[in-house]
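# Descriptive analysis of the structure
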Amino acid sequence: MSRSRSRGWLGALPLLAFFAFVFGVPAIAVVAGAFTAQGRPSLANLSQSLQGGYLTAMLGSVKLSAVVALLGAVLGTFLAQAVVTSRSALLREAVLTASGVLANFGGVPLAFFWIATLGNSGLISGLIGLPSGSLYTFWGLVMVYLYFSIPLMVLVMAPALDGLRPQWREAAADNGATTWHYWRFVALPVLAPAMLGGVVLLFGSSFSAYATANAMVGTVVPLITLKIAAALTGDVLTGYENIALALSLDMIVVAGLVMAIYLPLQRRTSRWLH
Amino acid sequence: MAALTGLETVSGTDSRPRVWRGIVFLPAAAYFLIPLGASFWYTIHTPARGVSLSAYGELLTAEGFVRSLLLSLGLGAATIALVLLLSLPAMLAVRLFAPRLRPVMEVLCTLPLVVPPITFVAGLSTSLRVGTDVLAPTPFWATIIAVQDPGFPVVLVLAYVVLVLPFVYRSLDAGLRTMDVRTLVEAARNLGASWPYVLFRVVVPNLRSALASASFLTLALVLGEYTVASLLGYEPFAVWIVTVSGSRGQLSVAVSILSLLLIWLLLLAVSTVFSREKRK
């Protein structure tokens, strides 16, 4: 056993080598390309990626993701609480299953659902006389993104809400706390890490979403993912590709910063809820 | 536990929470069900022809449907095989012999979640272009061309393995937690089993449900994946839907409904596998 023990880690080698190659090479390409202009090291791409239309797109993406994350977190938490406290096991099961399906339902099909419903020739938009193009706006996108964000939040919050022990509520009530006091001083502090984790998750999934936005709004709403795709595919002129790489680097930095908040919080979640 | 639930229902008998739940559930049901119903109606009703299911019938004969679906299924199968072959030995090795590599694995298997897929494609397409130029005078040139073959783009399989790695890792990690890997493996080795035998006849049968759920999640992700495939210029299923949507709106919505059903079936398969395991 001792010989195989010393060489046993070799089993991990194929995965590590694969990852270093398939993930590492593109990562190096992004960083190297972002800092290269006309074949020389330069900051020109990065500074251009933070100006004008590109900056607008980045801010648009951040704003969209933040609005979706906050709205989704609040609405998803309310829905999760309603499900968790519901006495009907069937309802609970149905909502949680549906949440699992809808949280994974993104991309192009999601866009087509909403186009068929509230698009220019959509069924409901005809019924309520929605002005043409209403879906293809910032708030239209918010509405569509919430379709997978709220279920995702339900999936995050339902176990956390299940973990709130009835004794805590009773103990608070025995000490004279009102419902508001209980939520403000007992439940919310316990739930806060899970909720913030959920907000980060929602932010990340909206921030990196491309397929839905591309199928829905094209270039009507400026978003960073659409700009990267346009720079990658539109013009094959040299230089545009490096702009795409600089934009990618900006995006990774934003996503990384957000994730840096999430990881320590995720560890704290497990302290109270078990 | 019975006492706890008893207390809960006592505190829940005043009518206020019930009203409150209704206020939450009704708009939620409307928000989630109306697009579903409207999309379905959109696919079966046209003012000219009335109600018919022809959009679903046309699907099979639609140009490119079968080809793109087969491509997606092929990519899915290849991705499942490759990701399991890479990750299972690695996770066993880390558990049994190199616990110090564990943090490294955790980081590797979280990175694809942090990095947005579109930035990964940007790096990947640049690497492919530069790689093709640089490798042109070497024998590797044929390889880099071959992995980009539009008939079966191996490069997509490689990219998908990276994208699904976090989900597969989590699934397998949960499976490995439920068994005593060290004892099983050492017992088998002491009885003279070879490493491949240990892997396929001892570990894999004990991990069946984790492997199944990892495979289903991978399949769901590959079938719906659009960003990487479209930006690298290939046309698997999800990209085909967009291509066809321009000329045949009804058909694309019909496919969307079918893909929602497919996700539901795949998740149902995952949860069935797990609950069967629990009952044993």
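## Focus: the overall build of chain A
- If you tally the helices and strands in chain A, you get 14 helices and two strands.
- Seen through its principal axes, chain A has C-alpha atoms that stretch 75 × 70 × 35 Å.
- Taken over 274 residues, chain A has a buried fraction of 45%.
- Considering only contacts in chain A between residues 6 or more positions apart, those separated by 24 or more positions represent 77%.

## Here we look at the overall build of chain B
- Counting its regular elements, chain B contains 15 helices and two strands.
- Taken over C-alpha atoms, the radius of gyration comes to 24 Å for chain B, far larger than the 19 Å a tight globule of 280 residues would show.
- Projecting the C-alpha coordinates of chain B onto the three principal axes gives extents of approximately 65 × 65 × 30 Å.
- For chain B, the residues scored as buried account for 36% of the 280 residues in total.
- Relative to all contacts within chain B whose residues are 6 or more apart in sequence, the contacts with residues 24 or more apart total 78%.

## Digging into the packing of helix α10 (residues 166–174) of chain A against helix α11 (residues 179–207) of chain A
Residues and elements named next belong to chain A.
- Where α10 meets α11, the axes come as close as 10 Å, and the angle between the chain directions of the two elements is 120°. Accordingly, the angle class assigned to the pair α10 and α11 is oblique. Here the hand of the crossing between α10 and α11 comes out right-handed. On the side of α10, the interface is formed by Trp168, Arg169 and Ala172, while α11 contributes His181, Tyr182 and Val186.
- Grouping the constituent residues of the contact of α10 with α11 by class yields four nonpolar, one polar and one charged.

## Thoughts on the environment of B:Ser213
Residues and elements named next belong to chain B.
- Residue position: Ser213 is located in helix α12 (residues 208–224).
- In the structure, Ser213 is positioned 41 residues away from Leu172 in sequence and 8.8 Å away in space, judged by C-alpha atoms.
- In this structure, Ser213 is in contact with Ser171, Val270, Val273 and Phe274, ignoring residues within four places of it in sequence.

## Things to note about the interface of chain B and chain A
- At the junction of the two partners, chain B supplies 64 residues and chain A supplies 60 residues.
- Looking at which element gives the most residues to the side of chain B that touches chain A, the answer is helix α2 (residues 15–44) of chain B, with twelve residues.

## Observations concerning the confidence of the model for chain B
Residue and element names in this part refer to chain B.
- Summing up the model confidence of chain B, the mean pLDDT is 83 and the portion of residues at 70 or higher is 92%.
- A low-confidence stretch, residues 1–14 stays under pLDDT 50, and its non-local contacts, those more than four residues away or across chains, total six contacts.
- What the predictor reports for the complex is a pTM of 0.86 with an ipTM of 0.85.

## What to know about the environment of A:Asn45
All names here are of chain A.
- You can see Asn45 is positioned in helix α4 (residues 44–49).
- Judged by C-beta crowding, with 23 C-beta atoms within 10 Å, Asn45 ranks as buried.
- In this view, Asn45 contacts Ala34, Ala37, Asn242, Ile243 and Ala246; residues no more than four positions away in its chain are not counted.

## What to know about the packing of helix α6 (residues 89–103) of chain A against helix α9 (residues 138–162) of chain A
Residue and element names in this part refer to chain A.
- It is the contact of α6 with α9, at a shortest axis distance of 8 Å, that shows an interaxial angle of 130°. Regarding the angle of α6 to α9, the classification is oblique. The hand of the α6/α9 crossing is left-handed. Along its contact with α6, which presents Leu96, Ser99, Gly100, Leu102 and Ala103, the element α9 presents Tyr147, Phe148, Pro151, Leu152, Val154, Leu155 and Ala158.
- Residues that form the contact of α6 with α9 fall into these classes: ten nonpolar, two polar and no charged.

About the criteria used
- Residues numbered from 1 in each chain as written.
- Chains lettered and ligands numbered in written order.
- Predicted model: local features only at pLDDT ≥ 70, side-chain atom pairs only at ≥ 80, totals over all residues.
- Helix = DSSP H or I, 4+ residues; strand = E, 2+ residues; numbered from the N terminus.
- Buried ≥ 20, exposed ≤ 12 C-beta atoms within 10 Å, placed from the backbone.
- Contact = placed C-beta atoms within 7 Å.
- Rg over C-alpha atoms; globule rule 2.2 N^0.38 Å.
- Axes fitted to C-alpha atoms, helices over the stretch in contact; angles between N-to-C directions.
- Parallel < 35°, antiparallel > 145°, perpendicular 65-115°, else oblique.
- Left-handed = near helix turned anticlockwise from the far one by under 90°.
- Nonpolar A, V, L, I, M, F, W, Y, C, P; charged D, E, K, R; others polar.
- pLDDT = per-residue confidence, 0-100.

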